[in-house]
Amino acid sequence: MILLALETSCDETSAAVVRAGRVLANVVASQIPLHAEYGGVVPELAAREHLKNLLPVVRSALAEAGVTPAQLDAVAATQGPGLPNALLVGLKAAQAAAFALNKPFLGINHHEAHLYSPWIAGSPPAADFAAFQPNISLIVSGGHTLLVLVESVLKHRVLGGTIDDAAGECFDKTGKLMGLAYPAGPVIDRLAESGNPAAYAFPRPLLHEANDDFSFSGLKTSVRYFIRDHPALLDDRQSVCDLCASVQAAIIEVLVKKTLRAAKRQNVRCVTASGGVTCNRGLRQALDRACRQNGLALRLAEKSLCTDNAAMIGILAEQKLLAGVPQTGLDEEIQPGWALT
Ligand code: KG4
Ligand code: ZN
């Protein structure tokens with residue numbers, strides 16, 4: 001089966017072509033420079049940019065895969081969750097393509113797709129991921145922080161999530177308080193490398209609660225007060241690096257300890273992670289160390305597949321179509337608030 005997948009839920013316009021669990025092409029046009037000027041994603045601009053970029057991105061993906069539209073067997077797109085007008089662009093374009101080609105269409109939950117991104121590329125390939133289930137999957141992005149028990153292919157249960165800010169939002173907002181450019185996550189990652197993670201003590205919210213939920217707004221507030229009370233710190237580069245390392249350490253400790261605890265409680269042998277924050281080198285190293293110490297296998301999404309991409313949408317859509325999951329109607333609407341359960 002050759003499948004074209006589109007992803008336009010936030011600020012990346014992406015098209016991918018997949019076949020038999022392999023990604024033949026995955027083209028991503030990022031809008032980060034456009035939104036950086038405003039310090040966050042501007043939904044109306046995102047939608048307009050998707051409209052402008054979608055067809056060129058689809059054409060490049062088809063060309064890179066060496067596939068013509070007539071060779072496609074199915075089309076898929078992110079149906080939710082995400083920014084309404086942004087989702088609309090990809091979903092309606094994909095439904096129109098499926099209609100014109102008279103091929104099946106599937107609308108995909110963006111977070112369910114993140115669960116599969118650690119299995120794309122690398123070894124073992126996606127087709128072997130059944131061997132590593134059940135697993136505990138951490139999804140950490142700018143909009144979400146979720147812990148999911150993946151019981152088997154296409155069978156999962158959300159164990160917990162953030163009750164307020166997402167981990168990426170915490171990186172971005174604390175970075176903004178320090179005067180760092182948007183998105184601050186990658187900047188904090190870089191500056192933290194030269195900083196002392198024990199320099200300043202910030203709270204580890206919900207670390208000791210016996211649940212799989214997260215909360216990051218208190219940590220953000222505590223950084224806000226700390227900066228208010230020590231404004232001169234921001235004039236000293238080493239202090240900013242120490243601050244970045246200390247904030248990052250607090251976020252990572254909560255993410256890693258709660259993920260490992262969930263893995264132990266659910267008695268799984270494997271942990272996976274995806275979403276933009278999984279690009280963070282400190283998080284990758286800490287998960288690696290913790291999983292080794294606890295005899296758990298770890299699958300991290302490749303960095304290019306941590307952030308939003310259509311490859312993960314296509315890989316999941318192909319699995320679903322092969323499993324006989326019913327198609328999505330060509331007149332079905334976007335689901336901006338579609339929660340993973
Ligand atoms: O998955 P993603 O591209 O989009 C959403 O669905 O939100 O994630 C973007 C988030 C942003 O908050 C960004 O700051 C964060 O991922 N991020 C990072 C790093 N790279 C991206 N956070 C910490 N360290 C990084 N290296
Ligand atoms: Zn995402």
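Heads up: the structure comes first, above all this text.
Throughout what follows, the structure given in this document is the object of discussion. (Residues numbered from 1 in each chain as written. Chains lettered and ligands numbered in written order. Predicted model: local features only at pLDDT ≥ 70, side-chain atom pairs only at ≥ 80, totals over all residues. Heavy atoms only, no water.)

**Overview of the site of ligand 1**
In the vicinity of ligand 1 lie 18 residues, with Gly-142, Asp-172, Asp-189, Gly-276 and Asn-280 positioned nearest. One nitrogen or oxygen atom from the side chain of Asp-189 is found 2.8 Å from a nitrogen atom belonging to ligand 1. For the shell around ligand 1, the residue count by class is five nonpolar, nine polar and four charged. Looking at which domains feed residues into the shell around ligand 1, each of domain 1 (2-118 + 305-322) and domain 2 (132-301) gives three or more. (Near = heavy atom within 4 Å. Polar contact = N/O pair within 3.5 Å; in protein donor to acceptor, adjacent residues only side chain to side chain. Nonpolar A, V, L, I, M, F, W, Y, C, P; charged D, E, K, R; others polar. Domains from an automatic or database assignment.)

**Some thoughts on the pattern of salt bridges**
Within the structure shown, the criterion is met by 14 salt bridges. The partner of Glu-333 in a salt bridge is Lys-92, with the nearest N and O atoms 3.8 Å apart. With Glu-333 in the segment after helix H11 (310-322) and Lys-92 in helix H3 (residues 84-101), the pair connects residues that are 241 residues apart, well separated along the chain. Judged by its relative accessible area of 49%, Glu-333 is partly exposed. Of the charged contacts, one joins Glu-253 and Arg-204 as a salt bridge, the two residues approaching to 2.8 Å between their closest N and O atoms. Within this pair, whereas Glu-253 is found in helix H8 (residues 237-266), its partner Arg-204 is found in the loop between helix H6 (184-192) and helix H7 (217-229), the two being separated by 49 residues in sequence. (Salt bridge = Lys/Arg side-chain N within 4 Å of Asp/Glu carboxyl O. Helix = DSSP H or I, 4+ residues; strand = E, 2+ residues; numbered from the N terminus. Buried < 20%, exposed > 50% of the residue type's maximum accessible area, 1.4 Å probe, protein only.)

**Concerning the coordination of the zinc ion (ligand 2)**
Coordination angles at a metal have ideal targets, namely 109.5 degrees for four tetrahedral donors and 90 or 180 degrees for six octahedral donors. Only His-110 (NE2), His-114 (NE2) and Asp-308 (OD) from the protein reach the zinc ion (ligand 2) as donors, at distances of 2.1 Å. Written as a sequence motif, the donor arrangement for the zinc ion (ligand 2) is H-x3-H-x193-D. Of this pair, His-110 and His-114 both sit in helix H4 (residues 110-114), four residues apart, roughly one helical turn. Given a relative accessible area of 5%, His-110 falls into the buried group. (Donors = N, O, S within 2.8 Å, 3.2 Å for Na, K, Ca; no water.)

Interpretation in functional terms is not warranted from these geometric data alone.
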